[in-house]
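Per-entry structural report
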Amino acid sequence: MRIQALWRYPVKSLLGESCQELDLDGRGVVGDRAFALADTAGKLGSGKTTTRFTRMDGLFSLRARSFENRVLISFPDGREFDIEDPAINHELSAYLERQVMAVAENEIPHFDDGAVHVLLSSELARLQRLVPDAQIDCRRFRANMVLDAPDHMRDDDLIGKVLTLGDAKLEVTHETERCRMVTMAQDELRFEPAVLKTIVQETGMNFGVYARVIQRGRIHAGQSVDLSAQPRAHRISDSLR
């Protein structure tokens, strides 16, 4: 396998940035979901409502990107603000028509579940065959990494295995449970309710996998990826804690 694409999302639930390289540490992808938008109750903006998250419409029309150790948020009209700009909370609240504030991650990660989210090209192609009229695009699934995988490979084949990417190593831990966010319109992608419906019918709710970093390192688009069994006695390095 090879790394087909890399993505980072500096602000949770906003559109992200395509990257040529990413750094991995014990938390996951450096800079990924480092910030979020929170409402007055402290719940984080998302496409769904849970005990931690609250549905905020309009987030997919905002984009976050990293630039020289800063995080910038851009609006549909072309305006762009540093997330540390004193005006950003006012601008976001006015645009979303609700009181919000940009918050940095504290001791509780902003991730929905796992740290590093991985998709297989083979699973994307299979889903496209199941819903041929839908726009199946990796951006719908907000993964950090898309792997160019053989046609026969399925998500189940990765669970419990180790992905070696140069000096970095990831342990694939479990599958990714999906929600309505995979159906939502973004950029030129239209609203596609059939995407989630098909995933539910085929796999229960799962599409993609989560992984944890067991050896830090820098990864690159186009880099080869080796798949191996996880030694029973292997533990995450103390340097990653």
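Our subject is the structure listed above.
Notes on the structure in this doc start here.

Reading the values: the criteria
Residues numbered from 1 in each chain as written. Predicted model: local features only at pLDDT ≥ 70, side-chain atom pairs only at ≥ 80, totals over all residues. Heavy atoms only, no water. Phe/Tyr/Trp six-rings, centres within 6.5 Å; stacked < 30°, edge-to-face > 60°. Buried < 20%, exposed > 50% of the residue type's maximum accessible area, 1.4 Å probe, protein only. Helix = DSSP H or I, 4+ residues; strand = E, 2+ residues; numbered from the N terminus. Pairing = 2+ DSSP bridges. Axes fitted to C-alpha atoms, helices over the stretch in contact; angles between N-to-C directions. Core = buried A, V, L, I, M, F, W, Y, C linked by side-chain atoms within 4.5 Å. Contact = heavy atoms within 4.5 Å. Parallel < 35°, antiparallel > 145°, perpendicular 65-115°, else oblique. Nonpolar A, V, L, I, M, F, W, Y, C, P; charged D, E, K, R; others polar. Salt bridge = Lys/Arg side-chain N within 4 Å of Asp/Glu carboxyl O.

1. Quick look at the packing of aromatic side chains
Evaluation of the coordinates by the stated rule reveals four aromatic pairs. Relative to Phe81, the ring of Phe75 lies with its centre 5.7 Å away and its plane at 80°, an arrangement referred to as edge-to-face. For the pair shown, Phe75 and Phe81 are each scored as buried. Judged by centre distance (4.7 Å) and plane angle (40°), the rings of Phe141 and Phe207 are tilted. Here Phe207 lies in strand β15 (residues 206-215) and Phe141 lies in the loop between α2 (121-130) and β12 (145-148), a separation of 66 residues in the sequence. Exposure remark for Phe207: the relative accessible area of 5% places this residue in the buried category. Clustering of aromatic rings is evident, with ring pairs tying together Phe75, Phe81 and Tyr95.

2. Some thoughts on the sheet that holds strand β7 (residues 63-67)
As summarised here, the arrangement of the three strands in space is β7-β8-β9, forming an open sheet in which the pairing is antiparallel. Pairing within the sheet leaves two strands with one partner each, and these edge strands are β7 and β9 (80-82). Put simply, the sheet's adjacent strands are angled 30° from each other on average, direction ignored. Relative to β9, strand β8 (residues 70-74) runs antiparallel, the two being bridged by three bridges.

3. As for the nonpolar core
In terms of nonpolar packing, the biggest core is built from 26 residues, with Ile3, Val116, Met145, Leu147, Leu165, Leu170 and Ile219 touching the most fellow members. Residue assignment for this core shows that the elements contributing at least two residues are β1 (2-8), β3 (21-24), β11 (116-120), β12, β13 (161-165), β14 (168-177) and β15. Residues contacting Ile219, with those up to four places away along its chain left out, are Ile3, Leu6, Gln20, Glu21, Leu22, Leu24, Met145, Leu165 and Ala168.

4. Let's talk about the packing of α2 against helix α3 (residues 193-203)
In contact at an axis separation of 10 Å, α2 and α3 are set at 105° when each is read in the N-to-C sense. Considering the angle they form, α2 stands roughly perpendicular to α3. Residues Arg126, Leu127 and Leu130 of α2 form the contact with α3, whose participating residues are Val195, Thr198, Ile199 and Glu202. Of the residues assigned to the contact of α2 with α3, the class counts are four nonpolar, one polar and two charged.

5. Description of the sheet that holds strand β17 (residues 226-229)
Here we have eight strands laid out as an open sheet, ordered β2-β1-β12-β11-β15-β14-β13-β17, and mixed in their pairing. Each edge of the sheet is formed by a strand with only one pairing partner; in this case those strands are β2 (17-19) and β17. Direction aside, neighbouring strands of the sheet carry axes that sit 35° apart on average. Direction of pairing for β13 relative to β17: antiparallel, over a ladder of four bridges. What sits directly across from Thr164, in β17, is Asp226. Its contacts with the sheet put α2 on β1, β11, β12 and β15, and the angle it makes with β11 is roughly 60°.

6. Considerations on α2
What α2 keeps buried is the set Ser121, Ser122, Glu123, Leu124 and Leu127. Buried positions along α2 lie against β1, β11, β12, α3 and β15.

7. So, the pairing of strand β16 (residues 217-220)
Alternating positions in β16 separate cleanly, Gly217 and Ile219 being buried on one face and Arg218 and His220 remaining unburied on the opposite face. Pairing of β3 with β16, which is carried by four bridges, proceeds in the antiparallel orientation. Within β16, the residue paired with Glu21 across the bridge is His220.

8. Focus: the pattern of salt bridges
Inspection of the entire model under this criterion finds 20 salt bridges. Where Lys48 meets Asp112, a salt bridge forms, and the shortest distance between an N and an O atom there is 3.2 Å. A residue pair is termed long-range when its members are at least 10 positions apart, and Lys48 in the loop between β5 (44-46) and β6 (53-55) and Asp112 in the loop between β10 (101-104) and β11 qualify at 64 residues. Residues Asp57 and Arg55 are paired through a salt bridge, measuring 3.0 Å at the closest nitrogen-oxygen approach. Since its relative accessible area comes to 48%, Asp57 is described here as partly exposed. When its relative accessible area of 38% is taken as the criterion, Arg55 is described as partly exposed. In this structure, a network of salt bridges that share partners links the residues Arg63, Asp137, Arg139, Asp187 and Glu188.

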